[in-house]
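# Topology and contacts: notes
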Amino acid sequence: MGNQENPTAKITIDPAFVVGPVRRKTFGAFVEHLGRCVYTGIFEPEHPKADEDGFRTDVLELTKELGVSTVRYPGGNFVSGYRWEDGVGPKGDRPTRLDLAWHSSDPNLVGVDEFAKWSEKAGVEPMMAVNLGTRGTQEALDLLEYSNIKGGTALSEQRKANGAVEPHNIKMWCLGNEMDGFWQIGHKKAGEYARVAAETARAMRMVNPDLELVACGSSAPTMPTFGEWERVVLNETYELVDLISAHQYFEDFGDLQEHLSAGHRMEAFIKDLVSHIDHVKSAIKSQKQVNISFDEWNVWHMSRDESKAPTGDDWPVAPVLLEDRYTVADAVVVGDLLITLLRNTDRVHSASLAQLVNVIAPIMTEPGGRAWKQTTFHPFALTSQHAAGTVLNLAVESPRLDSEKTSGFTALSAVATYDAEANEAVVFAVNRSATDALTLDGAVGSLNPARVIEAVTYTNKDPYWQATADDSTSVLPSENVSVKLDGGRLTTELPAVSWSMIRLALNS
Ligand code: AHR
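Residues numbered from 1 in each chain as written. Predicted model: local features only at pLDDT ≥ 70, side-chain atom pairs only at ≥ 80, totals over all residues. Heavy atoms only, no water.

In the nomenclature of an unreviewed UniProt entry, the protein corresponds to non-reducing end alpha-L-arabinofuranosidase from the organism Paenarthrobacter aurescens. For the protein, the Catalytic activity (unreviewed entry) comment in UniProt is given as "Hydrolysis of terminal non-reducing alpha-L-arabinofuranoside residues in alpha-L-arabinosides." What UniProt records for the protein under Sequence similarities (unreviewed entry) is the sentence "Belongs to the glycosyl hydrolase 51 family." (UniProt positions renumbered as here; feature names shortened; annotations may be inferred.)

Right under this line is the structure:
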């Protein structure tokens, strides 16, 4: 029984109600040539912990611990002005270029070969974006030939001469980035982008038919062209691509309850996007299913000073940019966003937390110094580590909440995964209330549970607590002692502003 004073949310879990598989690609991240993500983030040859290739081994370790699957590269806005050829060959010959997207300079010491090597060391799959801003089909084809052809052609031989004897075999490719955005270098109208995306996709498939191609969707659900952009782009590319991208960032403007509704707003965006995709599918009478690559998502305090790019004559290399410090509340939101992505695993086939290191990131570094975990690291790492098997559709009865701009969202956001092989089920749950604890009352008899393996909750009396380099460990996910499993009934208390994970061992 729950605490009588708390509102109660009821869930029913049944292993027969399958949404789809837990996809490893849900746990992707993003490395952009932006601020200190690459230079002094993943790459810092002078650092005492750098390996023989200049990669920070402390960051490699944390990337593995985070449980990242795919990593999108090299942008982001950066890619729309990028010449990939600048980043290959002897380092001494590589030019320093202006990066117009972030008003910085890029020495090009990391390029496709280094990123492929880093990905191998990190145990992640690279997801490459091509420049469809200032460049087009030919340059995308050149990068594909350089990366994926075994040998015997000009560009594949060039790669081999540069030391990468084996092809990188990059399977996932983004056809540009946020081409609907006025800020994007080479920003295009939907029809213009649709044309170049279709031509590029068709030609890239002539090289490697089984690539996984991602067309640019809208850069936010608030874009005035959202919906119409997808219709026009998919009309032309539907049979040529596998996925369409979704990007969405959430900011805390000081209204905690509004901030905590982020998962609800992401869910609404996914449902809308699915309608737009399926409208085109139906209109063109296609048998194929295009799905979603949610390849930029996170909390980003975009209007704060740390997000302002340099101006004027100042074009620094690796400036401090977008180095948001995250609170426990931000981590609860990130946990909820991941729950939302999992809940929609039937249509969200890939996702990338933006970004990985230093730039709106779960991992932070000091140049020459320490690497440490932000609050958002924890729900991501635990979900990636323990979500396995299939995602289950829960029956949920939850009290509803209202905030300033968002109304009628459930206080409870939850998802369960069921791993038949390991005989384990996991419930991930967020209490979105800024003020009240919530009793979770679960009917779990159909799972035939044996015992609770582990129950942890991430919360804090001060939801605005932030980790720092000096103290990143005094607030961590800790044991939730209120969890009770009584036959087929699972109960627990979820504090206000909290993220929880309950792992159940099942009878076989
Ligand atoms: O992730 C930061 C930026 O956000 C990316 O460069 C861009 O694609 C988006 O607007």
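Right, picking up where we left off after that structure.
So, on to the UniProt feature "domain: Alpha-L-arabinofuranosidase C-terminal" (unreviewed entry) in the protein. Here, the residues flagged by UniProt with the feature "domain: Alpha-L-arabinofuranosidase C-terminal" (unreviewed entry) are residues 295-498. Each end of residues 295-498 is marked by a C-alpha atom, and these two atoms are 25 Å apart; helix forms 13% of the span and strand 36%. (Helix = DSSP H or I, 4+ residues; strand = E, 2+ residues; numbered from the N terminus.)

Here Pro 449 shows up in strand E22 (residues 449-458). Once the C-alpha coordinates of Pro 449 and Asp 486 are considered, the two residues, 37 residues apart in sequence, prove to be 9.4 Å apart. Filtering out sequence-adjacent residues up to four positions away, Pro 449 remains in contact with Val 444, Leu 485, Gly 487, Leu 504, Ala 505, Leu 506 and Asn 507. (Contact = heavy atoms within 4.5 Å.)

Surrounding the ligand, one finds Phe 30, Glu 32, Gly 76, Asn 77, Trp 102, Asn 177, Glu 178, Tyr 249, Glu 296, Trp 300, Gln 355 and Ile 360. Here an oxygen atom of the ligand and a side-chain polar atom of Glu 32 are 2.6 Å apart. Here an oxygen atom of the ligand and a side-chain polar atom of Gln 355 are 3.0 Å apart. Across the complex, the protein chains shield 95% of the 280 Å² of accessible surface that the ligand would expose by itself. Considering only residue class, the shell around the ligand consists of 5 nonpolar, 4 polar and 3 charged. (Near = heavy atom within 4 Å. Polar contact = N/O pair within 3.5 Å; in protein donor to acceptor, adjacent residues only side chain to side chain. Areas by Shrake-Rupley, 256 points an atom, 1.4 Å probe, with all protein chains shown as cover. Nonpolar A, V, L, I, M, F, W, Y, C, P; charged D, E, K, R; others polar.)

On the basis of which strands lie adjacent, the open sheet formed by 5 strands has the order E16-E1-E21-E25-E24 and mixed pairing. The strands lining the two open edges of the sheet, one partner per strand, are strand E16 (395-397) and strand E24 (484-486). Between one strand axis and the next, the sheet turns through 15° on average, direction left out of account. Examined bridge by bridge, strand E1 (residues 8-12) and strand E21 (residues 438-443) share 5 bridges and lie parallel to one another. Directly across from Ile 11, in E21, lies its bridge partner Gly 442. (Pairing = 2+ DSSP bridges. Axes fitted to C-alpha atoms, helices over the stretch in contact; angles between N-to-C directions.)

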